[in-house]
Amino acid sequence: MGKKISDKKKTEASTEFTVDYSDIVEFGKSVVPSKLDTSQLVIQEQKRRNSKVQNARLLFRAIDILFYSPQNSCPYINKSNIGTVSVIPDILYSDVEPTVCRLDFYRVESEKKQPAILLIHGGGFTAGDKKYRKGRAQFFAINGFSVFCVNYGLAPKYHFPDPLEHIVSAANYIHDHADEYNIDPDRIFVDGDSAGGYYAAMVAAFNCNPRLGEVFGFAPKFRIFGALLNCGVYDMQTVLNTKYPFDIADGVILSLTGISGRDFESYSHKEVCVPIELVNKDFPPTFMVYSKNDAFCKGQGEIMQRKLEEVGAYCEYYVSRHGMSNHCFSLTWKGEDATAANELMISFAKRLSNDKIKL
């Protein structure tokens, strides 16, 4: 475990961006009247960046609230099985950030060691919470998986790679406590949607790139067994090149990295923060869900699927067939696309866990 986060003095004051002087001078030359002095430019740019992130956070928070009931009303959960799912909430998985680094544990009791799933919620890197994935966690639990649904640091207080370190800490906590939770430490999946799909892909990429541990100062203690990727973000250049509703692209990049999209080429972590650039044949077996009509991650699924196939990594996938099936459509459970995606996904996870897939 690296010291990157623990050595930082994080305060609530850090929830606003600080702006690099040279960046603002260049920004001022290109689009701001020269009569404004540098301090004014700094203030303007800081306000612009904070506004972008706040707008993104409001949007994704609204989505979570609007879809809370549909997402958590899993049709596979009923009176006959709801009582079998035990839940232990708010387990501390790291004392680095005690208010953030918490997870909920879901399981149907069994004497047999179960495969485990590290479930990572989405929310545009700036919103979301483990409570919005209760339905998905229950679904995995009744199908024989132990589920660890995690919270992690969100923007604007936390930027890459800090949230990734939180999630890797959760993965290592699961591995280290395998006996306590009666799980198979050799069969730990990562699952994520939207921004959570990004982080799931990044955690899986440690399988392919030992150097990531050297770069970040942290790494999983084990190889990820399988990846379940749902309408995730995998390529930052595609984000920058795509016209999104509500002009959220720059807000998403700012939320992830802390820098504006126009500065992404000079971002210090550019070479190690783009999942498709880190994928090779050692990427874990993967099941992908995506929509060609995705309002927030358009084109991302196709790019990731092609990359996995190109490098020879095992991949199964489901692409929505209906125009109304949009971003993370399978989380709301209803409709032909959601039903097919979820049943194929759980079939993949079971087959992989039971060594029924030839790799």
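What counts, and where the lines are drawn
Residues numbered from 1 in each chain as written. Predicted model: local features only at pLDDT ≥ 70, side-chain atom pairs only at ≥ 80, totals over all residues. Heavy atoms only, no water. Helix = DSSP H or I, 4+ residues; strand = E, 2+ residues; numbered from the N terminus. Expected span 1.5 Å × (residues − 1). Buried < 20%, exposed > 50% of the residue type's maximum accessible area, 1.4 Å probe, protein only. Arc of directions from axis to C-beta. Contact = heavy atoms within 4.5 Å. Core = buried A, V, L, I, M, F, W, Y, C linked by side-chain atoms within 4.5 Å. Salt bridge = Lys/Arg side-chain N within 4 Å of Asp/Glu carboxyl O. Pairing = 2+ DSSP bridges. Axes fitted to C-alpha atoms, helices over the stretch in contact; angles between N-to-C directions.

## Remarks on helix 13 (residues 336–353)
For helix 13, with 18 residues, the first-to-last C-alpha span of 26 Å sits near the 26 Å given by 1.5 Å per residue. Among all positions of helix 13, only D337, A338, A341, N342, M345, I346, F348, A349, L352 and S353 are buried. Angular distribution of buried residues about the axis of helix 13 spans 150 degrees; they occupy a single face of the element. Where the residues of helix 13 are buried, they touch strand 3 (114–120), helix 4 (134–142), strand 5 (183–193), strand 6 (226–230), strand 7 (286–290) and strand 8 (315–319). Two residues or fewer past helix 13, D355 is found with a positive phi of approximately 55 degrees.

## Some remarks on the nonpolar core
If you look at the biggest cluster of nonpolar residues, it comprises 77 residues, and the most contacted ones within it are L118, F160, L164, Y198, Y199, F283 and M304. Broken down by element, the residue count for this core peaks at nine residues, all from helix 7 (residues 195–205). The residues touching L164, leaving out its near neighbours within four places in the chain, are Y199, M202, V203, F206, F216 and F218.

## Some points on helix 10 (residues 249–257)
Counting buried positions along helix 10 yields nine of nine residues, so the element is predominantly enclosed. Residues of helix 10 that are buried: A249, D250, G251, V252, I253, L254, S255, L256 and T257. Directly beyond the C-terminal end of helix 10, a positive phi value near 85 degrees is found at G258.

## Observations concerning the pattern of salt bridges
When their charged atoms lie close together, side chains carrying opposite charge are able to pair. A complete count under the given rule lists 14 salt bridges for this structure. The partner of K130 in a salt bridge is D104, with the nearest N and O atoms 2.9 Å apart. Linking K130 in the loop between strand 3 and helix 4 with D104 in strand 2 (residues 102–108), this pair joins segments that are 26 residues apart in sequence. Accessibility assignment for this pair places K130 and D104 in one class, buried.

## Remarks on the sheet that holds strand 7
Across the sheet, which stays open at both edges, the eight strands sit in the order 1-2-4-3-5-6-7-8 with mixed pairing between neighbours. Two strands close off the open sheet at either side, each with one partner strand: strand 1 (85–92) and strand 8. When the angles between neighbouring strand axes are averaged without regard to direction, this sheet yields 15 degrees. Bridge count between strand 2 and strand 4 (residues 146–150): four bridges; the pairing is antiparallel.

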